[in-house]
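The chain contents come next:
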Amino acid sequence: IDYYKFNFKGELTTESATRMFASLFPSGTGTGLCGTVPQLEARFQFAGGVCNAANVLRIDTFNVNGPNTDTSGVDVKLTYAWNDFLIENSSWNVGVEGTRLLDYKRGAFGLLGAPSIVFTAPEDRAGLYDLTAQFFSYPKLRATGFLNFDHGPLNVRWQVRYTEGTSPAFGTTLFREVADSTAASGYRLQALGKSDDFWQHDLIVRYQLPWDTTVTGSIQNLFDADPPFVASNFNYDYTNGNPLGRTFKINVRKRF
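About the thresholds
Residues numbered from 1 in each chain as written. Predicted model: local features only at pLDDT ≥ 70, side-chain atom pairs only at ≥ 80, totals over all residues. Heavy atoms only, no water. Helix = DSSP H or I, 4+ residues; strand = E, 2+ residues; numbered from the N terminus. Rg over C-alpha atoms; globule rule 2.2 N^0.38 Å. Buried < 20%, exposed > 50% of the residue type's maximum accessible area, 1.4 Å probe, protein only. Contact = heavy atoms within 4.5 Å. Salt bridge = Lys/Arg side-chain N within 4 Å of Asp/Glu carboxyl O. Arc of directions from axis to C-beta. Polar contact = N/O pair within 3.5 Å; in protein donor to acceptor, adjacent residues only side chain to side chain. Core = buried A, V, L, I, M, F, W, Y, C linked by side-chain atoms within 4.5 Å. Disulfide = S-S within 2.5 Å.

Engineer: Looking at this model, I keep getting lost on the overall build of the protein. Mind explaining?
Structural biologist: Within the protein, the regular secondary structure consists of 2 helices and 20 strands. Whereas a compact globule of 256 residues would reach a radius of gyration of roughly 18 Å, the protein reaches 25 Å, over 25% beyond that. Counting only C-alpha atoms and orienting by the principal axes, one finds that the protein spans roughly 80 × 50 × 35 Å. Per-residue burial for the protein yields a buried fraction of 36% across its 256 residues. For the protein, the proportion of contacts with a sequence separation of at least 24, taken over those separated by at least 6, is 60%.

Okay, here's the thing in structure tokens:
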């Protein structure tokens with residue numbers, strides 16, 4: 001069991017146009033805070049020079065040293081091995097490896113040249129995702145469990161990968177359309193809460209043939225699990241979920 005803690009200072013990153021827009025136009029429409037924060041407003045180009053959410057043509061952003069980040073968590077690895085269980089000259093191993101993210105605290109993000117103008121408030125990103133503007137996802141719990149059987153030239157491994165669901169961070173789209181026959185349009189908006197957990201089962205079989213030849217076959221995502229829905233460009237968490245479904249792989253290796 002390991003406890004870790006990292007303090008990152010002056011992260012190299014890019015200012016978020018989405019959050020700058022949300023800061024100048026909190027309601028997403030109208031004139032917002034036009035005329036009250038000139039340094040922020042100067043980053044925007046408006047049609048006809050009129051400050052209005054509907055007139056935004058462009059937002060200038062820069063690569064900057066961003067806020068500091070403090071993160072900590074716990075890594076756990078447990079294994080147990082025993083021999084000759086059920087089958088003589090066999091070896092069995094069972095175990096689990098996991099990470100529990102305790103916090104991912106990010107400081108306030110201020111405008112370059114005017115740090116007093118904060119367009120992203122301090123936030124603890126542990127357990128949150130934003131895959132539309134900031135492109136991050138930090139599940140609080142990830143783990144992999146396995147059972148391994150070894151007997152002579154044969155090795156069989158079953159593993160289960162788990163990723164806990166995440167909740168939408170500030171500024172992330174909070175609704176999705178779902179089918180509803182009672183609605184005039186045939187759809188209704190459903191609030192997005194915490195996404196579903198993701199489980200993936202894999203089966204790997206390896207056999208040692210004569211002449212230094214090894215054949216390995218595997219079925220990844222054995223139960224063909226879909227990645228959970230989240231608000232993103234692809235409608236799933238592409239940093240954690242597996243969009244490929246059930247896949248089959250075979251590998252032959254010959255040593256000379």
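From this point on, the discussion continues.
Engineer: Please explain the pattern of salt bridges as it appears in this structure.
Structural biologist: Opposite charge on two side chains permits them to pair, given that their charged atoms come into close proximity. Following the criterion strictly, the structure yields 11 salt bridges and no others. Among the salt bridges present, the one from Lys77 reaches Glu97, with a minimum N-O distance of 3.9 Å. Taken together, the residues Lys77 in strand E6 (residues 69-83) and Glu97 in strand E7 (residues 90-106) connect sequence positions 20 residues apart. With a shortest N-O distance of 2.7 Å, Lys194 and Glu164 are connected by a salt bridge. Of this pair, Lys194 sits in the loop between strand E17 (187-191) and strand E18 (198-209) while Glu164 is found in the loop between strand E14 (154-163) and strand E15 (167-168), placing the two residues 30 residues apart along the sequence. Connected via shared salt-bridge partners are Arg19, Glu123, Arg125 and Asp130.

Engineer: What is the right way to read the environment of Arg100 from this model?
Structural biologist: By the element assignment, Arg100 lies in strand E7. Look at Arg100 and you get partly exposed, because its relative accessible area is 37%. Arg100 sits 66 residues away from Thr166 along the chain, and the two C-alpha atoms are 13 Å apart. The residues touching Arg100, leaving out its near neighbours within four places in the chain, are Tyr4, Gly73, Val74, Lys140, Leu141 and Glu164.

Engineer: Could you clarify how one ought to interpret helix H1 (residues 17-24) in this entry?
Structural biologist: Buried within H1 we find Arg19, Met20, Ser23 and Leu24. Mapping the buried residues of H1 onto a view down its axis gives an arc of 135°, with all of them on the same face.

Engineer: Whenever I open this one, the side chain of Ser90 confuses me. Can you help?
Structural biologist: Mapped onto the elements of the fold, Ser90 is located in strand E7. Residue Ser90 is classed as buried on the basis of its relative accessible area of 3%. For Ser90, the side chain forms a polar contact with the main-chain oxygen of Ile87, separated by 2.5 Å. In this structure, Ser90 is in contact with Trp82, Asn83, Asp84, Phe85, Phe149, Asp150 and His151, ignoring residues within four places of it in sequence.

Engineer: Just to check I follow, could you spell out the nonpolar core for this structure?
Structural biologist: As a rule of thumb, soluble globular proteins bury nonpolar side chains together. Core analysis: the biggest nonpolar cluster contains 15 residues, and Leu24, Phe25, Leu40, Phe44, Phe46 and Leu111 have the highest contact counts within it. Contributing elements (two or more residues each) for this core: H1, strand E3 (44-46), strand E8 (109-111) and strand E9 (114-120). Sort the elements by how many residues they give to this core and E9 lands first, with 3 residues. Contacts of Leu111, omitting those with residues within four sequence positions, involve Glu15, Met20, Gln39, Leu40, Arg43, Ile117 and Phe119. Core analysis: the second largest hydrophobic core is formed by 5 residues, Tyr129, Leu131, Val230 and Ala231 among them.

Engineer: What should I look at first to understand the state of the cysteines in this one?
Structural biologist: One way to say it: the disulfide is the covalent bond shared by the sulfur atoms of two cysteines. Summed over the entire model, instances satisfying the criterion amount to 1 disulfide. At a sulfur-sulfur separation of 1.8 Å, the disulfide partner of Cys34 is Cys51. Taking the sign of the torsion about the S-S bond as the criterion, the disulfide between Cys34 and Cys51, at about -70°, is left-handed. One end of the pair, Cys34, is in the loop between H1 and helix H2 (38-41); the other, Cys51, is in the loop between E3 and strand E4 (56-59), with 17 residues separating them in the sequence. Exposure remark for Cys34: the relative accessible area of 21% places this residue in the partly exposed category.

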